[in-house]
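Structural description and commentary
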Amino acid sequence: MGAGSVPRVGTAAWTAARLAWRDRATASARALIAARRAAAGAPPLTDALEPQKTPLDAGVHATPAHRSSMSPRDCWPPGASQPRPGMASRHVIDDAFDPRDLSVLVAAAKMSMHALRASGSGEASAAALGRASEGILGLDAHIAMRRTIRTMTETARRAVHGVPPVVPPVPARDDRTEEGAHSGDDLDAPTLHPAGALFTHIVPGETSVTSVTPGTQIDTTHGYWSPHVDKANVPEYDVSAVLYLSDGDGVDFAGGELHFMDAIGGWKTVTPRRNRLVVFSSGEENVHAVGVVTSGERTTLNLWLTRDPRVAAPDDD
Ligand SMILES: O=C(O)CCC(=O)C(=O)O
Ligand SMILES: [Fe+2]
């Protein structure tokens, strides 16, 4: 398919194509999770939860080998779900971001995200690419968010190519400019383009928890936080990056851990920590879920990257 025939991310044509594809992809992801658990002798997810969780601390962690269950012909845009060699590790990177920007974002979340909360779920999200969130968050937070997303993009790109992050981040600079994100010009590797991003704020909600084991509560019915594959939701995503803006483990909030649901060897769990970035490939090798937030406020910046410039989000300001 030629470059001109794939709709740009965010256009009405893109939304229509994505929605048409999504139900099937979601069903396939759910079937995959069930098959993996059955193969590992684990009970279905709705009935029991994995008691063994291995923490993933700062560093690079292998992703279990996985053969894709999605046929390329079922994927949209064409070829988008082909395996991306060399992109299958999980990276946990601490303290690569300017803490001042993170403070601005947390304050903006407290101020403005309550108005966006979907009834009952406890979850509020604002689009983080383009200018949409500027009116919601205010100019200072919008600028901090754009700068942070640029650094996330560059840090994720470095991580998947085995290049250490630039730490510490930018020293003193004019707070009202967007300068300071790492340019990455020294990295001779394919570019990863932002394709989607959400600024997300979670408080305890009326989520329906079908099975509860202390410390491992998973909401198995609520879409976003239930086990999923990012590439099954949006096939152009190649790499997922989550930046935690608040501390889990009962500091700013309790619950809300990120679990990679590996059938073999149990779950691998990342505890959210302010200024912690998690980077992982978006395919079926990384089925994941977020635990229920039981108290406090959980704020994250979630970014998805693509290697396909045809579906990159337009850089519109
Ligand atoms: O917030 C997280 O820890 C992960 C959220 C998630 O699953 C995603 O960004 O796709
Ligand atoms: Fe996800």
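Whatever comes next refers back to the structure up there.
Predicted model only: the values in this text are computed from it and were never measured.

Summing up its helical and strand segments, the protein chain has 5 helices and 13 strands in all. A buried classification covers 50% of the 317 residues belonging to the protein chain. Within the protein chain, residue pairs in contact and separated by at least 24 positions form 85% of the contacts whose partners lie at least 6 positions apart. Just so you have it, the protein chain exposes about 13,500 Å², and 56% of that area is on carbon and sulfur atoms.

Around ligand 1, a shell composed of 12 residues is seen, among which Asp230, Tyr244, His288, Arg298 and Asn302 lie nearest. One of the side-chain nitrogen or oxygen atoms of Asp230 is found 3.0 Å away from an oxygen atom of ligand 1. In this structure, Arg298 approaches ligand 1 through a side-chain N or O atom, which is 2.8 Å from an oxygen atom. For ligand 1, whose free accessible area comes to 290 Å², the fraction covered by protein is 99%. Counting residues per element, the ones that place at least two in the shell around ligand 1 are strand E6 (239–244), strand E11 (288–290) and strand E13 (298–306). With 3 residues, E13 is the largest single contributor of residues to the shell around ligand 1. Partitioning the shell around ligand 1 into residue classes produces 7 nonpolar, 3 polar and 2 charged.

Taken in spatial order, the 7 strands line up as E2-E3-E10-E6-E13-E5-E4 in an open sheet, and their pairing is antiparallel. Sheet topology places strand E2 (59–61) and strand E4 (123–127) at the edges, where each strand pairs with a single neighbour. Each neighbouring strand pair of the sheet contributes to a mean axis angle of 20°, computed without reference to strand direction. Here E6 runs beside E13; their pairing, made up of 6 bridges, is antiparallel. Looking at E13, one finds that Val239 is bridged to Leu305.

Rules behind the numbers
- Residues numbered from 1 in each chain as written.
- Chains lettered and ligands numbered in written order.
- Predicted model: local features only at pLDDT ≥ 70, side-chain atom pairs only at ≥ 80, totals over all residues.
- Heavy atoms only, no water.
- Helix = DSSP H or I, 4+ residues; strand = E, 2+ residues; numbered from the N terminus.
- Buried < 20%, exposed > 50% of the residue type's maximum accessible area, 1.4 Å probe, protein only.
- Contact = heavy atoms within 4.5 Å.
- Areas by Shrake-Rupley, 256 points an atom, 1.4 Å probe, with all protein chains shown as cover.
- Near = heavy atom within 4 Å.
- Polar contact = N/O pair within 3.5 Å; in protein donor to acceptor, adjacent residues only side chain to side chain.
- Nonpolar A, V, L, I, M, F, W, Y, C, P; charged D, E, K, R; others polar.
- Pairing = 2+ DSSP bridges.
- Axes fitted to C-alpha atoms, helices over the stretch in contact; angles between N-to-C directions.

Distances and angles like these do not, on their own, reveal function.
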